[in-house]
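Here are the chains, one letter per residue:
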Amino acid sequence: MGEIGQLEDEAVKRKQRLAALKRKLQGGNEGEAKKAAEDDSDLPKPIFRSYKPVTEDLHDNVLPEAEPADVADAVKDSLESSKEVVLDELDFMNLAPRKPDWDLKRDIEKKLAKLEKRTSRAIGEIIRERLKGNDLADAVAAGASHAAAADDDDM
């Protein structure tokens, strides 16, 4: 039963909305003329740069023709500055092409860092084993040769 009352209420509201819309459309024609007059006053005025309007009303909105500026001095200055040699300002290091394998070196750099750590760890273990075996002289020689090789690689 509650549903029937609710449906009737919705039907009444719908009828009221339709009646209001109908009144608005019938009376809207008179109101539209007033609104159109108000909208015309709110519209921006056109400004004509290259267009020459036909009607006299729009001649007030025409911009005066611009006179071209004298560019002879600017051209002379640029020609004089181009005569000077600009080689001092160029940095040839930035202009030099990269080596063909630069991207490979970049990609492998992380892997090489890991390998370097593993290599140094393995050499350390070998030195410890030799120290345990009381071959102190051999261990010192191996460590010194590895240090010398590392120094050569850095240079």
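None of these values were measured; they are calculated from a predicted model.

Caption draft 1: Structural view of the pattern of salt bridges. By the definition in use, this model includes two salt bridges. Note that Lys-52 and Glu-65 form a salt bridge whose closest N and O atoms lie 3.6 Å from each other. A residue pair is termed long-range when its members are at least 10 positions apart, and Lys-52 in the loop between α1 (2–42) and α2 (72–83) and Glu-65 in the loop between α1 and α2 qualify at 13 residues. Pair check on accessibility: Lys-52 and Glu-65 agree, each one exposed. Ionic pairing is found between Asp-107 and Arg-106, a salt bridge with its closest N-O pair at 3.3 Å. Asp-107 gets classed as partly exposed once you look at its relative accessible area, which sits at 45%. For Arg-106, a relative accessible area of 48% puts it in the partly exposed group.

Caption draft 2: Summary view of a positive patch on the surface. Residues Lys-110, Lys-111, Lys-114, Lys-117, Arg-118 and Arg-121 make up a contiguous surface patch of positive charge. Position of Lys-114 among the secondary structure elements: in helix α4 (residues 102–132).

Caption draft 3: Structural view of a nonpolar patch on the surface. Where nonpolar side chains cluster on the molecular surface, the patch consists of Leu-104, Ile-108, Leu-112 and Leu-115 and spans about 370 Å² of accessible area. Among the secondary structure elements, Ile-108 is positioned in helix α4.

Caption draft 4: Focus on a negative patch on the surface. A cluster of acidic residues, Asp-70, Asp-73, Asp-77 and Glu-80, forms a negative patch on the protein surface. Looking at where Asp-73 falls in the secondary structure, it is placed in helix α2.

Caption draft 5: Main features of the packing of aromatic side chains. Applying the stated criterion across every chain, the model contains one aromatic pair. Relative to Tyr-51, the ring of Phe-48 has its centre 5.3 Å away and its plane inclined at 55 degrees; by these criteria the two rings are tilted. Taking relative accessible area as the criterion, Tyr-51 reaches 46% and is therefore assigned partly exposed.

Caption draft 6: Inspection of the side chain of Asn-61 at higher detail. Inspection of the secondary structure assignment puts Asn-61 in the loop between α1 and α2. Accessibility expressed as a relative area gives 18% for Asn-61, which makes it buried. From its side chain, Asn-61 meets the backbone oxygen of Pro-46 in a polar contact 3.3 Å long. Ignoring any residue separated from it by four or fewer positions in sequence, one finds Asn-61 in contact with Lys-45, Pro-46, Ile-47 and Phe-48.

Rules of the game
- Residues numbered from 1 in each chain as written.
- Predicted model: local features only at pLDDT ≥ 70, side-chain atom pairs only at ≥ 80, totals over all residues.
- Heavy atoms only, no water.
- Salt bridge = Lys/Arg side-chain N within 4 Å of Asp/Glu carboxyl O.
- Helix = DSSP H or I, 4+ residues; strand = E, 2+ residues; numbered from the N terminus.
- Buried < 20%, exposed > 50% of the residue type's maximum accessible area, 1.4 Å probe, protein only.
- Patch = residues over 30% accessible without salt bridge, like charges linked within 9 Å, V, L, I, M, F, W, Y side chains within 5 Å.
- Areas by Shrake-Rupley, 256 points an atom, 1.4 Å probe, with all protein chains shown as cover.
- Lys, Arg positive; Asp, Glu negative; His and termini not counted.
- Charge placed at Lys NZ, Arg CZ, Asp CG, Glu CD.
- Phe/Tyr/Trp six-rings, centres within 6.5 Å; stacked < 30°, edge-to-face > 60°.
- Polar contact = N/O pair within 3.5 Å; in protein donor to acceptor, adjacent residues only side chain to side chain.
- Contact = heavy atoms within 4.5 Å.

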